[in-house]
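Results of the structural survey
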Amino acid sequence: MGAKQENGDDAIDEKVKKYLRGEAAKLEGLKDKKLKGQLAVREELYGKSAKAAAKIEKWLLPSEGGYLEAEGIEKTWRIKQESIAREVDILSSRNQYDIVLPELGPYTLDFTPNGRYMAVAGRKGHLAIVDLKTLNLIKEIQVRETVRDVVYLHNELFFAAAQKKYPYIYNREGTELHCLKEHGAVLRLQFLRNHFLLASINKFGQLHYQDVTMGEMVGNFRTGSGRTDVMQVNPFNGVVALGHSSGTVTMWKPTSAAPLVKMLCHPGAVSSLAFHPNGHLMATSGKERKIKIWDLRKFEVVQTLPGHANTLNFSQKGLLAAATGSFIQISADFSGSQNYSRYMTHSMAKGYQVGKVLFRPYEDVLGIGHSMGWSSILIPGSGEPNFDSWVANPFETSKQRREKEVHSLLDKLPPETIMLDPTKVGTVREARKKEKPTKQEREAEMEAAIVAAKDTDFKKKTKGRNTPSKRAKKREEIIDRAKRPFVKQQIEEQETARKKQKTNMEAEMPKSLQRFVRQKAT
């Protein structure tokens, strides 16, 4: 029993070291007793918080994620899927498969937030829902027209498909529930889970936001940048990003007709973009064969990777998948310093053109939609090993799903909460500077002051000092005194405007002639 306790203490100590903030401060040499006491208290608090975090990790995060590790001069990107399949357990090996349907492709796909279900859509009208736990086909339908995109709504019971003329919403049984005619011929769909908003971009460059709970159209904007099919939602703040043919990326929210941010990312057209789960990193790829990693807190390029990508996607643990043609490359940031390097590669069969890559939540799996069907490969370390059943439960029952749906509707966020920095929600807004009164307001104030001055009552004074002429003279003095501040303010404004105009005229004058301008006498 004692040996087990010692082993447990050693494990806790190892985890505590992981959460400590470096070496403790050396307090022996400090002469200032007050500072020494404050630093000692702070170090004690750091130790307590590290110990608490270690205990939470031990009991609430029992599973640990693992990555491929190479021995000697071996490289991880040379390891093939066949080699991985021989080493993993039976359940994991079931996640490696290829579904070949060449007559109905190319295919796109989407996963539910808990990673349990997958919706696939073929360009020729094939829609299917698959239970990935049992690998059973739940439902498949043929809509007999072009399908460009598919996206799940708040749970696996509803999904939206962007078809030839309009997007449609279907239920799990394949029954058509709604036809969203206001959206037009949609190229890409995205769903904002916290706000219950379905966002779409159509072939005319119009961005639509529709509330799926009430059916209300929240926003309808013209982007003004032409047709695009590059669209992603930032999971951190709910901002929708669009990549355009001019090389710019614009970021939108449903309550603003103008983009929040417009940044030039590439000299050529933007072919794809993706957001890191923490919302602070964005990856973009351009036609000039470069992939750029951006820090959205500073809007600066952190890293530039060589290569082209038709589709990009970040995993829950921060792995970046990029695909072009029939080749897929996964990059990883092992150091945590936003320095991505090659981790794994995978080549599809010759002739397969990859259209979309998407990591499956809570699993080390990458879903691939391509011209001949869809596939799934194993990417060790890509998925979050510990799921929170209150957030996303892959094993939830129908009763739990109903409860979660009710809670999520009660916790639904209004569209106004979508902003670049969501931490500002709930803070106190700074007092605005007092705006200058308009000319009409100033005249109204002056008239009110004159009326008040005219109504002034005079004391009754001795004989000779209370004559009507003296009263009139005194009333005029009071009215002049009331008008004086308004007239003074008006003269100051006119003087300021005259100086500003003179400065502008001097600035507009050619530099060679500015020396002939009459200088003010000093």
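See the structure shown above.
Quick word on the overall build of the chain
A tally of helices and strands in the chain yields 7 helices and 28 strands. Here the chain has a C-alpha radius of gyration of 33 Å; the compact-globule value for 522 residues is 24 Å, and the former is much larger. C-alpha atoms of the chain, sized along the principal axes, occupy 120 × 75 × 65 Å. Taking the intrachain contacts of the chain between residues at least 6 apart in sequence as the baseline, contacts between residues at least 24 apart amount to 45%. About 31900 Å² of surface is accessible on the chain, with carbon and sulfur atoms providing 52% of the total. Looking at the chain, you have 85 positive and 62 negative side-chain charges, and the mean spots of the two groups are 10 Å apart.

Observations regarding the pattern of salt bridges
Under the counting rule described, the total for this entry stands at 8 salt bridges. The partner of Asp295 in a salt bridge is Arg297, with the nearest N and O atoms 3.2 Å apart. Judged by its relative accessible area of 5%, Asp295 falls in the buried class. Here Glu495 ties to Arg498 by a salt bridge, and the two come within 2.5 Å at their closest N and O atoms. Here Arg498 and Glu495 lie together in helix α7 (residues 468-508), a separation of 3 residues that amounts to about one turn.

Describing the side chain of Ser331
Among the secondary structure elements, Ser331 is positioned in strand β24 (residues 327-332). Ignoring sequence-local partners within four residues, the contact set of Ser331 consists of Leu305, Leu319, Leu320, Tyr340, Ser341, Arg342 and Tyr343.

Points about the sheet that holds strand β26 (residues 354-359)
A sheet is described by the order of its strands in space; here 4 strands give the open sequence β1-β28-β27-β26, paired in antiparallel fashion. Whereas interior strands pair on both sides, the edge strands pair on one side only; in this sheet they are β1 (97-100) and β26. On average, each strand axis in the sheet is tilted by 15 degrees relative to the strand beside it, whichever way the strands run. Alignment of β1 against strand β28 (residues 373-378), held across 4 bridges, turns out to be antiparallel.

A look at the environment of Ser49
Among the structural elements, Ser49 can be located in helix α2 (residues 33-60). Considered as a pair, Ser49 and Gly184 are 135 residues apart in the sequence and their alpha carbons are 53 Å apart.

Re a nonpolar patch on the surface
Side chains of Leu260, Phe299 and Leu420 sit close together on the surface and give an oily, nonpolar patch of about 220 Å² of accessible area. When its relative accessible area of 35% is taken as the criterion, Leu420 is described as partly exposed.

Overview of the sheet that holds strand β12 (residues 206-211)
By way of backbone hydrogen bonds, the strands of a sheet pair with one another, either parallel or antiparallel. One open sheet holds the 4 strands; their spatial order is β10-β11-β12-β13, and the pairing between them is antiparallel. Of all strands in the sheet, those with a lone pairing partner are β10 (186-192) and β13 (217-222), marking the two edges. Across the sheet, the axes of successive neighbouring strands diverge by a mean angle of 15 degrees, strand direction being ignored. As paired strands, strand β11 (residues 197-202) and β12 are joined by 5 bridges and run antiparallel to one another. Within the sheet, the bridge partner assigned to Ser200 lies in β12 and is His208.

Considerations on the packing of aromatic side chains
When we look at a pair of aromatic rings, we describe it by the centre distance and by the angle of the planes. Inspection of the entire model under this criterion finds 12 aromatic pairs. For the ring pair Phe159 and Tyr170, a centre distance of 5.7 Å and an interplane angle of 25 degrees mean the geometry is stacked. With Phe159 in strand β7 (residues 158-163) and Tyr170 in strand β8 (residues 167-171), this pair connects stretches of sequence that are 11 residues apart. Per residue, the accessibility class of Phe159 equals that of Tyr170, and both read buried.

Observations concerning the nonpolar core
Tyr209, Val240, Val249, Met251, Met263 and Met282 are the most contacted members of the largest nonpolar core, which totals 27 residues. At the level of secondary structure, the elements contributing two or more residues to this core comprise β11, β12, β14 (230-233), β15 (240-243), β16 (248-252), β17 (261-264) and β18 (270-275). If you look at the next biggest cluster of nonpolar residues, it comprises 22 residues, including Ala323, Ile328, Val357 and Val365.

Section: unusual backbone geometry
Here Gly105 and Pro106 are connected by a cis peptide whose omega angle stands at -5 degrees. Secondary-structure assignment places Pro106 in the loop between β1 and β2 (107-111). Within the chain, Phe299 stands out as a residue other than glycine whose phi angle is a positive 55 degrees. Here Phe299 lies in the loop between β20 (290-295) and β21 (300-306).

Quick look at the side chain of Ser200
Topologically, Ser200 is positioned in strand β11. Accessibility expressed as a relative area gives 0% for Ser200, which makes it buried. At a separation of 2.6 Å, a polar atom in the side chain of Ser200 contacts the side chain of His183. Beyond its immediate stretch of four places on either side in the chain, Ser200 contacts His183, Val186, Arg188, Leu189, Gln206, Leu207, His208 and Met231.

Comments concerning the pairing of β8
Among the 5 residues that make up β8, 5 are buried, leaving the element largely enclosed by the rest of the structure. By the alternation rule, side chains of β8 split into Pro167, Ile169 and Asn171 and Tyr168 and Tyr170, which are all buried. For β7 and β8, the ladder comprises 5 bridges, and the chain directions are antiparallel. Paired with Ala162 across the strands is Pro167, a residue of β8. The pairing of β8 with strand β9 (residues 176-179) spans 3 bridges and is antiparallel. Considered in β9, the bridge of Tyr168 is made with Cys179.

Rules of the game
Residues numbered from 1 in each chain as written. Predicted model: local features only at pLDDT ≥ 70, side-chain atom pairs only at ≥ 80, totals over all residues. Heavy atoms only, no water. Helix = DSSP H or I, 4+ residues; strand = E, 2+ residues; numbered from the N terminus. Rg over C-alpha atoms; globule rule 2.2 N^0.38 Å. Contact = heavy atoms within 4.5 Å. Areas by Shrake-Rupley, 256 points an atom, 1.4 Å probe, with all protein chains shown as cover. Lys, Arg positive; Asp, Glu negative; His and termini not counted. Charge placed at Lys NZ, Arg CZ, Asp CG, Glu CD. Salt bridge = Lys/Arg side-chain N within 4 Å of Asp/Glu carboxyl O. Buried < 20%, exposed > 50% of the residue type's maximum accessible area, 1.4 Å probe, protein only. Pairing = 2+ DSSP bridges. Axes fitted to C-alpha atoms, helices over the stretch in contact; angles between N-to-C directions. Patch = residues over 30% accessible without salt bridge, like charges linked within 9 Å, V, L, I, M, F, W, Y side chains within 5 Å. Phe/Tyr/Trp six-rings, centres within 6.5 Å; stacked < 30°, edge-to-face > 60°. Core = buried A, V, L, I, M, F, W, Y, C linked by side-chain atoms within 4.5 Å. Polar contact = N/O pair within 3.5 Å; in protein donor to acceptor, adjacent residues only side chain to side chain.

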